[in-house]
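Here is what each chain is made of, one letter per residue.
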Amino acid sequence: NELFSFFDLIITRTHYAAMDSLFLGVLRECQSYIQAYIIQRSKEEMETFKHDVWFMPLIVRDMVNNTEDERALFEGVIVKLKAIKTKKAYIYLMKTPIAYHEDEEWKCPDEMYLAAYHEGDRVEAFAVEERPRVTKENGFMSHVSQSGDCCMFCYNIFSAERQYGILIGEIAPEDMSLLYFASMQIGATLRYVEISHMQRNTQRTLEKTLAEIEDKNKVLNFLSEYDELTGCLNRRGFVERVITMNKLHIGQKAALIFGDLDRLKEINDTFGHVEGDFAITSVGKLFREAYDGESIVGRIGGDEFVMMFVAKEDVAKDVVQKIKDGYRQLNKMVEKPYYIEISMGYTEFVCEP
């Protein structure tokens with residue numbers, strides 16, 4: 001402006017056309033130069049602004065990628081703050097986020113913790129359990145390296161009504177908006193991280209609950225299908241399984257073997273129900289171990305057992321004999337004051353619809 005005013009003064013006071021033309025030419029050149037300079041400076045400032053602003057989404061990206069490692073999370077943030085012209089930067093966090101509402105009186109927190117910082121080229125982030133503690137007594141500046149006058153800015157790290165901590169940084173006043181923008185990004189991302197942790201905890205709780213339900217269902221299914229004393233299928237479980245086995249082997253030969261424990265009432269009345277249970281359990285074990293292939297064994301009454309399996313002819317007879325040999329051998333081994341004996345029969349048939 002001073003230069004243009006000077007040229008205007010000269011042009012208005014000269015009476016020579018040649019001089020007017022000369023000064024007008026010089027004026028045009030100066031205007032062109034100044035305009036080019038302003039455009040170039042604007043481009044440089046825009047490039048610098050774009051470069052600084054580009055780091056903001058990177059802050060979010062790095063934080064989201066390190067939700068399981070808070071030390072790495074804040075180390076990445078500090079590195080980005082260092083890249084946007086902060087000479088120093090410090091991130092202080094509360095132990096747990098605090099929700100502030102407009103109608104509530106603000107209360108200064110008793111303590112905060114230094115999560116990460118950089119001072120020049122020095123960058124350091126702390127694990128949660130290692131973070132230096134800040135109180136009303138020692139204050140934030142106790143962790144700040146002071147080497148003369150500096151201009152520090154402080155911004156809340158918050159999302160909606162939840163405050164997570166503060167961001168303190170040394171930066172040129174004309175760039176302070178970048179630090180504010182960074183604090184907003186950090187706060188929003190911390191809220192996302194917090195919600196992600198809550199979601200994962202809920203998911204783990206749900207998975208644990210579902211696993212418990214599944215285990216309980218298995219127990220209920222077992223109780224509804226199996227005889228607790230012998231481990232054999234009960235009447236319901238046996239019928240359901242043999243229907244399925246029959247459907248899977250249409251046209252093939254199969255066998256049913258029935259067995260009835262003799263004199264169970266006499267054993268119970270004379271020697272007690274513990275001995276009666278022993279006799280019943282022994283018969284169930286003999287049935288389950290009598291056939292080497294796939295078989296279905298059920299206890300369908302107090303002293304009644306039944307077995308089904310798919311096999312060729314004459315196998316059922318051998319299985320019956322094996323059970324008989326089994327209880328004879330058992331009687332010799334246990335030397336009970338009673339005799340375990342089973343009345344048995346079998347039938348062979350072809351599986352049909």
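Read on for an overview of the structure. (Residues numbered from 1 in each chain as written. Predicted model: local features only at pLDDT ≥ 70, side-chain atom pairs only at ≥ 80, totals over all residues. Heavy atoms only, no water.)

### Describing helix α8 (residues 315-334)
Next up, step 1: The end-to-end C-alpha separation of α8 is 29 Å, in line with the 28 Å expected for 20 residues at 1.5 Å each.
Next up, step 2: Considering only its buried residues, α8 is in contact with β7 (253-261), α7 (273-288), β9 (304-310) and β10 (342-350).
Next up, step 3: Downstream of α8 by one or two residues, E335 has phi in the positive range, about 50°. (Helix = DSSP H or I, 4+ residues; strand = E, 2+ residues; numbered from the N terminus. Expected span 1.5 Å × (residues − 1). Contact = heavy atoms within 4.5 Å.)

### Some details on the pattern of salt bridges
Next up, step 1: If you walk through the whole model with that rule in mind, you get 18 salt bridges.
Next up, step 2: The salt bridge partner of R162 is E194, with a shortest N-O separation of 2.5 Å. One end of the pair, R162, is in strand β6 (residues 162-170); the other, E194, is in helix α4 (residues 176-225), and 32 residues separate them in sequence.
Next up, step 3: Overall, E194 belongs to the buried group, its relative accessible area being 16%.
Next up, step 4: With a closest N to O distance of 2.8 Å, D269 and K265 form a salt bridge. One end of the pair is D269 and the other is K265, both in helix α6 (residues 264-271) and four residues apart, which spans about a single turn.
Next up, step 5: The class of D269 is exposed, set by a relative accessible area of 52%.
Next up, step 6: The network of salt bridges with shared partners includes R162, R191 and E194. (Salt bridge = Lys/Arg side-chain N within 4 Å of Asp/Glu carboxyl O. Buried < 20%, exposed > 50% of the residue type's maximum accessible area, 1.4 Å probe, protein only.)

### So, α7
Next up, step 1: An ideal rise of 1.5 Å per residue puts 22 Å on 16 residues; α7 measures up with 22 Å between its terminal C-alpha atoms.
Next up, step 2: For α7, the set of buried residues is E275, G276, A279, I280, S282, V283, G284, L286 and F287.
Next up, step 3: In this structure, the buried side of α7 is in contact with β7, α6, β8 (295-299), β9, α8 and β10.

### Section: the packing of aromatic side chains
Next up, step 1: One pass over the structure, following the stated rule, counts seven aromatic pairs.
Next up, step 2: Judged by centre distance (5.4 Å) and plane angle (45°), the rings of F271 and Y338 are tilted. Highlighted residues: F271 in helix α6 and Y338 in the loop between α8 and β10, separated in sequence by 67 residues.
Next up, step 3: When the ring of Y291 is compared with that of F309, the centres are 4.2 Å apart and the planes differ by 15°; the resulting orientation is stacked. With Y291 in the loop between α7 and β8 and F309 in strand β9, this residue pair connects regions lying 18 residues apart in the sequence. For the residue pair Y291 and F309, the accessibility class agrees, reading buried in each case.
Next up, step 4: By the ring-pair criterion, three or more aromatic residues cluster together here, those being Y90, Y117 and F126.
Next up, step 5: Its end group placed over the ring of F278, K336 keeps NZ or CZ at 4.6 Å from the ring centre. (Phe/Tyr/Trp six-rings, centres within 6.5 Å; stacked < 30°, edge-to-face > 60°. Lys NZ or Arg CZ within 6 Å of the ring centre and 35° of its normal.)

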